[in-house]
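A look at the structure
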Amino acid sequence: MSAALNIDLHTHSNRSDGSLAPAALIEQAAAAGVEVLALTDHDTVAGLEEAQGCAQTRGVKLVPGVEISASWRAQAVHVLGLWIDPAAPALLRMLEAQGELRRARVRRICARLTQLKLPGADLLAAVERHPGLPTRAHLAHALVAGGHVSTAEAAFRKYLGKGKAAHVATEWPALEAVVGWIRAAGGVASLAHPARYALSSGARRRLLGDFTVAGGTSLEVVSGGNAAQHVDTCAALALAFGLLGSVGSDFHDNRAAWNPLGRSLKLPDRVTPVWRSFGL
Ligand code: AMP
Ligand code: MN
Ligand code: MN
Ligand code: MN
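Residues numbered from 1 in each chain as written. Chains lettered and ligands numbered in written order. Predicted model: local features only at pLDDT ≥ 70, side-chain atom pairs only at ≥ 80, totals over all residues. Heavy atoms only, no water.

Here's the deal with the site of ligand 1
Taken together, the residues surrounding ligand 1 are Asp17, His42, Arg102, Arg105, Thr135, Arg136, Ala137, Glu153, Phe156 and His252. Residue aspartate 17 places a side-chain N or O atom 3.0 Å away from an oxygen atom belonging to ligand 1. About the coverage of ligand 1: the protein hides 74% of its 500 Å² of free accessible area. Residue assignment for the shell around ligand 1 shows that the elements contributing at least two residues are α3 (89-115), α5 (136-145) and α6 (152-160). The residue inventory of the shell around ligand 1, partitioned by class, reads two nonpolar, three polar and five charged. (Near = heavy atom within 4 Å. Polar contact = N/O pair within 3.5 Å; in protein donor to acceptor, adjacent residues only side chain to side chain. Areas by Shrake-Rupley, 256 points an atom, 1.4 Å probe, with all protein chains shown as cover. Helix = DSSP H or I, 4+ residues; strand = E, 2+ residues; numbered from the N terminus. Nonpolar A, V, L, I, M, F, W, Y, C, P; charged D, E, K, R; others polar.)

Digging into the sheet that holds strand β4 (residues 75-82)
Taken in spatial order, the seven strands of this open sheet run β1-β2-β3-β4-β5-β6-β7, and their pairing is mixed. If you trace the sheet from one side to the other, it starts and ends with β1 (7-8) and β7 (244-248), each paired once. Here β1 runs beside strand β2 (residues 36-39); their pairing, made up of two bridges, is parallel. In the sheet register, aspartate 8 faces β2, and the bridge partner there is leucine 37. Contacts from helix α2 (residues 48-58) reach β2 and β3 (61-72), with the element oriented near 155 degrees to β3. (Pairing = 2+ DSSP bridges. Contact = heavy atoms within 4.5 Å. Axes fitted to C-alpha atoms, helices over the stretch in contact; angles between N-to-C directions.)

Right under this line is the structure:
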């Protein structure tokens, strides 16, 4: 049996909420034996150029990607755009608008934190010092650094999570529009971490139905540290909806030691890999 391709189609750099610069991410992936890596920062392609420069010298094949926040009914979902053209003008315009939405959102969350007697202006300044497009993860880290909570998870549990004291509802663009933008930029739309949304199994199937009708063609069957039963469920969903399968660590930083780069995530044999159509 030939050795399986070491491929990871979902990672973050410090252009969003990852901790490594794009080149450092590639260096670490190369050292860990990753052969094909997609950089998929939240709502930005700003890290791709630096990553590509480093990938060429380190012999890693870089898949240009992005992870776009979308709305499906009242649920925020994440759609990975893989093999996109990061210079596509319509995509760049859309991501510029996403960036504005994110910058406005973090200001609103910080105003809420101020109402909760936390130093909202200082927390905002800490987030804005980062090179990345702001996410709630940046705020969670600022809350930890300021000694207001002990872990990022606690920051979500207490303040930032859905329904919590500083949560701000965000009107992300509709799922159908996001899938359309990815396709117009020449990319493949892959629904990220389907097991992570707070949906009943019926609602999850409706989401997948709408995603497929919109032109989505892939499902992230193996995501990060997913338990085996999630992989089986997601593989069954991919087969039921005629979707290709993707694998990704969703790597952000080395703090999550259980989710390292280069672990060689295994897509079940019964699912057709999304990368096959790209000659990999
Ligand atoms: P946003 O896209 O701005 O809503 O931020 C969400 C990001 O925060 C995710 O991509 C994760 O990286 C991180 N995140 C979400 N939920 C949690 C959690 N419970 N604990 C720690 N980090 C989280
Ligand atoms: Mn993230
Ligand atoms: Mn995500
Ligand atoms: Mn992600």
